[in-house]
Amino acid sequence: MKHISPILVLAITVLVIAVLVAIVGNVFTPYGMSQQNLLARLRPPAFLTGGNPDFPLGTDRIGRDMVARVIAGLRMSLSVAIAGTIIGAVFGSAVGFIAAHFRGWVEEVLMMLVDFQASLPFILITLTLLAFFGNSMTLFVILMGLFGWEKYARLSRGVVLSAISQPYAKAIVALGAGNGRLYLKHVLPNVASALIVQVTLTFPQIILLETSLSFLGLGIQPPQTSLGQILGDGRDYLSTAWWISVVPGSIIFLVTLSMSIVGDWLRDRLDPMLRVRTA
């Protein structure tokens, strides 16, 4: 068994803790994320002078507990990122499979859409659609799902074309297997590793996109909250109440960095070309 880097272990630990906190963290805080206490507004974290043990990470501008806010924000950010990643992976992979199967003009049209998507700055597309249709949770999650779908389409198309040209695939077709059986039972397991790697690389990008839009006020809207929205709330208090922005910003940094480290490790482990080079 190969030696596992301590950095990788630390990254996995950070992700596990983040998920557990997002799921059950609110059980351990006595305050709701919207519960206000104007008498305790802008209270520093408990480990600083003037801090209160009742508010371990301090309070924001209207006295809301930062622990409760961060837990709710982390849950929302992770939920949107997971939903967006799944939508993008499924949609993009389906486009790639369809293009690889039908070839001809179908492939040309689909790959033209892929090139069109890749040529436009996605942030501008998102801002335009949110301004035109208005902000809603459903639309926002769908937009997050459309981020990066062209990468899955290109990846799955290339890998599927390579897989169906292999002798085993031709033998299965010669034995009378239908397209559904060929793709789902034989081709998909062989391309799953490449798609999993792409998921781990896209996930932190979606988190950063969601938090950026929420920071600008175009993402998650009150009374719901996300890490980006909390970060935006504290931008006017950086000199007097830095913890409002630093705490969610640090969590965003740690989660995205940890996911990127895990994604790089999975790529090294699952990519057959990299295995051959390092063998």
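Quick notes on the rules
- Residues numbered from 1 in each chain as written.
- Predicted model: local features only at pLDDT ≥ 70, side-chain atom pairs only at ≥ 80, totals over all residues.
- Heavy atoms only, no water.
- Helix = DSSP H or I, 4+ residues; strand = E, 2+ residues; numbered from the N terminus.
- Expected span 1.5 Å × (residues − 1).
- Buried < 20%, exposed > 50% of the residue type's maximum accessible area, 1.4 Å probe, protein only.
- Arc of directions from axis to C-beta.
- Contact = heavy atoms within 4.5 Å.
- Salt bridge = Lys/Arg side-chain N within 4 Å of Asp/Glu carboxyl O.
- Polar contact = N/O pair within 3.5 Å; in protein donor to acceptor, adjacent residues only side chain to side chain.
- UniProt positions renumbered as here; feature names shortened; annotations may be inferred.
- Phe/Tyr/Trp six-rings, centres within 6.5 Å; stacked < 30°, edge-to-face > 60°.

Caption draft 1: Quick peek at helix α3 (residues 104-119). Taking 1.5 Å of rise per residue, the 16 residues of α3 would be expected to cover 22 Å, and the 23 Å separating its terminal C-alpha atoms lies within 8% of that figure. Among the residues making up α3, those that are buried are Val106, Glu107, Leu110, Met111, Val114 and Gln117. The arc that holds the buried residues of α3, viewed along the axis, is 115°, so those residues lie on one side. Facing away from the buried surface of α3 by more than 90 degrees, the exposed residues are Trp105, Glu108, Met112, Phe116 and Ser119. Looking at the buried residues of α3, the elements they touch are α2 (66-102), α4 (122-133), α5 (137-146) and α6 (149-164).

Caption draft 2: Spatial organisation of the pattern of salt bridges. Taken as a whole and judged by the stated rule, the model has 6 salt bridges. Note that aspartate 60 and arginine 64 form a salt bridge whose closest N and O atoms lie 2.7 Å from each other. Residue arginine 103 pairs with glutamate 107 through a salt bridge whose shortest N-O separation is 3.0 Å.

Caption draft 3: Looking closely at the side chain of threonine 225. Along the chain, threonine 225 falls in the loop between α8 (179-215) and α9 (227-233). Take threonine 225: its relative accessible area is 2%, and that puts it in the buried class. Among the polar contacts made by the side chain of threonine 225, one reaches the side chain of glutamine 229 at a distance of 3.0 Å. Beyond its immediate chain neighbours, meaning those up to four positions away, threonine 225 contacts Met33, Arg69, Ala72, Gly73, Met76, Ile220 and Ile230.

Caption draft 4: Representation of the UniProt feature "transmembrane region" (unreviewed entry) in the protein chain in the model. The positions that UniProt labels "transmembrane region" (unreviewed entry) are, in the present scheme, residues 6-28, 78-102, 122-147, 187-208 and 241-266. This span, residues 78-102, is 100% helix and 0% strand, and a straight line between its end C-alpha atoms measures 36 Å. Overall, residues 122-147 shows 85% helix and 0% strand. The separation of its end C-alpha atoms is 7 Å.

Caption draft 5: Here's a closer look at the packing of aromatic side chains. On inspection of all chains with the given rule, the structure shows 5 aromatic pairs. Here tyrosine 31 and phenylalanine 55 contribute two aromatic rings whose centre-to-centre distance is 5.1 Å and whose plane-to-plane angle is 25°, an arrangement assigned as stacked. One end of the pair, tyrosine 31, is in the loop between α1 (6-24) and α2; the other, phenylalanine 55, is in the loop between α1 and α2, with 24 residues separating them in the sequence. The exposure class of tyrosine 31 is partly exposed, given its relative accessible area of 23%.

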